[in-house]
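Single-letter residue listing:
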Amino acid sequence: MKLKKVLALVLALAMVLALAACGGDDKKPDGDQPSNGSQTGEPSTPSEPSEPSGSGADVSSLNVGVFYYNYSDVYISTVRAELDKQLDSLGVKYTDYDGNTTQSTQMDQVNTAITNGANLLIVNIVENSSPDAAQNVINAAKEKDIPVIFFNRDFDKSAINSYEKCAFVGTDPAEAGHMQGKMIADYLLANYEATDLNGDGAISYVMFKGQEGNVEAEYRTQFSVEDANTQLTGAGKKELTYYAGDSAATKYLVDPNGAWSSAAATNYMDTVLAEYSEGNNNMVELVICNNDDMAMGAISSLQTAGYNNGSGKTIPVFGVDAVQNAKDAIAAGSMTGTVAQDAVGMASSIVKLLNNFVADGNLMSNTDGMVVDGDSAKIRVPYAAYLG
């Protein structure tokens, strides 16, 4: 009888231990998964982890606010997708915010994120015609001793230099304009007679500018035309002529909303083509755009008018960014060229600075292999010409 009782106790104990072991497999410790979110602060499902692109620093203590000037900007959306992917792979907790091209909205978002415990800010500033907006973000972060990594939309170095826990990742604003100008001149010199539709010996152009006061827009607008003219005149050709003549108030058409949008370019191009056409012997013969989204808008209008459809006449169109739809348009023959802005390189550089700060408190550690300005903590991601 005693033996039976002992066996029963042993069996009961074994069952308890088995149940405890099974229950322990289903529960993970808190913080095992990153709580990544959108502008609403609601958690989103993290992507499948890939190999981390950082230094292996412990990022579990980070609560990052990532602020975009406008989700609908096509290039910025590619940066956002890549940055989300890399932050997910590291297990970083972060929240994305859409400034919707409104600086006051973005500043409110920054203050809210800080109040909610953000301890590192990544900022694609809305207003960059002066350093004031960036300085306001820096002041808010500095008060709480929070590091700030700005990216993409450049501004005067005075703001960056005002705070040791601040850096910028972007491009050389003038480089895209120089590359675009060379591409334009190379194309025209190889295809001059075909491009000069009215045979007057000069190429008539329209310029679509993304935003007034934006340093990238200013330099792209300036150098694409200046550099093309230098190369053209050096080869014995006339300078480019603005489609509306020398009396035009400006030699460009600017997106009134500062959104660099395809819709703005389509609306402008529709208006232009209503007056300037082959029938009137004054057709626009070249389209220059500050970004690919505006280039796609111009192409849409041209296609409606019977151009750039893969057969018949094509008006050369140049952009900046090398986003996928522009690459597809170049492959299809409806667009001529663009300047590649490296979204992966920009996201990777941001993540590198984030890892640097976690590792030793210095954003600019381990940046010897990067292109860094000599007078400020600004990292430059190179452009590249793209012709397909």
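What comes next is a walk through the structure.

This part takes up the nonpolar core. Residues Leu-121, Ile-122, Phe-150, Phe-208, Leu-240 and Val-287 are the most contacted members of the largest nonpolar core, which totals 111 residues. The element that contributes the greatest number of residues to this core is helix α12 (residues 343-360), accounting for 8 residues.

This part is about unusual backbone geometry. Positive phi, normally seen in glycine, also occurs at Asp-145, with a value near 60°. Within the element layout of this structure, Asp-145 appears in the loop between α4 (132-143) and β6 (148-151). You can call Asp-145 partly exposed: its relative accessible area is 46%. With a phi close to 130°, Asp-321 is a non-glycine residue in the positive phi region. Within the element layout of this structure, Asp-321 appears in the loop between β12 (317-318) and α11 (324-332).

Attention now moves to the side chain of Glu-285. By the secondary structure assignment, Glu-285 is in the loop between α9 (262-275) and β11 (286-289). We note that Glu-285 is buried and unpaired, the nearest opposite charge coming from Lys-313 at a distance of 9.5 Å. A distance of 2.8 Å separates the side chain of Glu-285 from the backbone nitrogen of Leu-197, its partner in a polar contact. Once you skip the residues sitting within four places of it in the chain, Glu-285 turns out to touch Thr-195, Asp-196, Leu-197, Asn-198, Ala-202, Ile-203, Ser-204, Ile-315 and Pro-316.

Turning our eyes to something else, we now look at the packing of aromatic side chains. Taken as a whole and judged by the stated rule, the model has 11 aromatic pairs. Relative to Tyr-97, the ring of Phe-67 lies with its centre 4.8 Å away and its plane at 10°, an arrangement referred to as stacked. Taken together, the positions of Phe-67 in strand β3 (residues 63-68) and Tyr-97 in strand β4 (residues 93-98) put the pair 30 residues apart, joining distant regions of the chain. Neither residue differs from the other here; Phe-67 and Tyr-97 are each classed as buried. Look at Tyr-68 and Phe-151: their rings are 5.8 Å apart centre to centre, the planes differ by 80°, and that puts the pair in the edge-to-face class. One end of the pair, Tyr-68, is in strand β3; the other, Phe-151, is in strand β6, and 83 residues separate them in sequence. Residue Tyr-68 shares its accessibility class with Phe-151, and that shared class is buried. Three or more aromatic residues joined by ring pairs make a cluster, and in this case those are Tyr-205, Tyr-242, Tyr-243 and Tyr-276. A cation over an aromatic ring shows up here: Lys-378 above the ring of Phe-168, its NZ or CZ 5.6 Å from the ring centre.

So, on to the packing of helix α6 (residues 173-190) against helix α8 (residues 215-234). For any two helices packed against each other, one specifies the inter-axial angle together with the distance between the axes. Contact geometry for α6 and α8: axes closest at 7 Å, N-to-C directions at 35°. The two elements α6 and α8 cross, and the hand of that crossing is right-handed. Its residues placed into classes, the contact of α6 with α8 shows 12 nonpolar, 6 polar and 5 charged.

So, on to the pairing of strand β5 (residues 120-123). Taking every second residue as pointing to the same face, both faces of β5 are buried, with Leu-120 and Ile-122 on one and Leu-121 and Val-123 on the other. Where β3 lies against β5, 4 bridges are found, and the strand directions are parallel. When the bridges of β5 are listed, Gly-65 appears paired with Leu-121. Note: β5 against β6, 3 bridges, orientation parallel. Within the sheet, the bridge partner assigned to Val-123 lies in β6 and is Phe-150. Between β5 and its parallel partner β6, the chain crosses via α4, and the hand of that crossover is right-handed.

With that settled, the discussion passes to the pattern of salt bridges. Applying the stated criterion to the full structure yields 12 salt bridges. Its salt-bridge partner being Asp-186, residue Lys-182 comes within 2.7 Å of it at the nearest N-O pair. Here Lys-182 pairs with Asp-186, and both are found in helix α6, just 4 residues apart, close to one helical turn. A residue is classified by how much of its surface remains accessible, and Lys-182, at 48% relative accessible area, is partly exposed. Between Lys-209 and Glu-218 there is a salt bridge, and its shortest N-O distance comes to 2.9 Å. Relative accessible area serves as the criterion here: at 1%, Lys-209 is assigned to the buried category. Classification of Glu-218 as partly exposed rests on a relative accessible area of 31%. In the salt-bridge network here, residues are joined through shared partners; they are Asp-154, Asp-373, Lys-378 and Arg-380.

Cut-offs used in this document
Residues numbered from 1 in each chain as written. Predicted model: local features only at pLDDT ≥ 70, side-chain atom pairs only at ≥ 80, totals over all residues. Heavy atoms only, no water. Core = buried A, V, L, I, M, F, W, Y, C linked by side-chain atoms within 4.5 Å. Buried < 20%, exposed > 50% of the residue type's maximum accessible area, 1.4 Å probe, protein only. Helix = DSSP H or I, 4+ residues; strand = E, 2+ residues; numbered from the N terminus. Lys, Arg positive; Asp, Glu negative; His and termini not counted. Salt bridge = Lys/Arg side-chain N within 4 Å of Asp/Glu carboxyl O. Polar contact = N/O pair within 3.5 Å; in protein donor to acceptor, adjacent residues only side chain to side chain. Contact = heavy atoms within 4.5 Å. Phe/Tyr/Trp six-rings, centres within 6.5 Å; stacked < 30°, edge-to-face > 60°. Lys NZ or Arg CZ within 6 Å of the ring centre and 35° of its normal. Axes fitted to C-alpha atoms, helices over the stretch in contact; angles between N-to-C directions. Left-handed = near helix turned anticlockwise from the far one by under 90°. Nonpolar A, V, L, I, M, F, W, Y, C, P; charged D, E, K, R; others polar. Pairing = 2+ DSSP bridges. Right-handed = clockwise from strand over helix to strand, strands pointing away.

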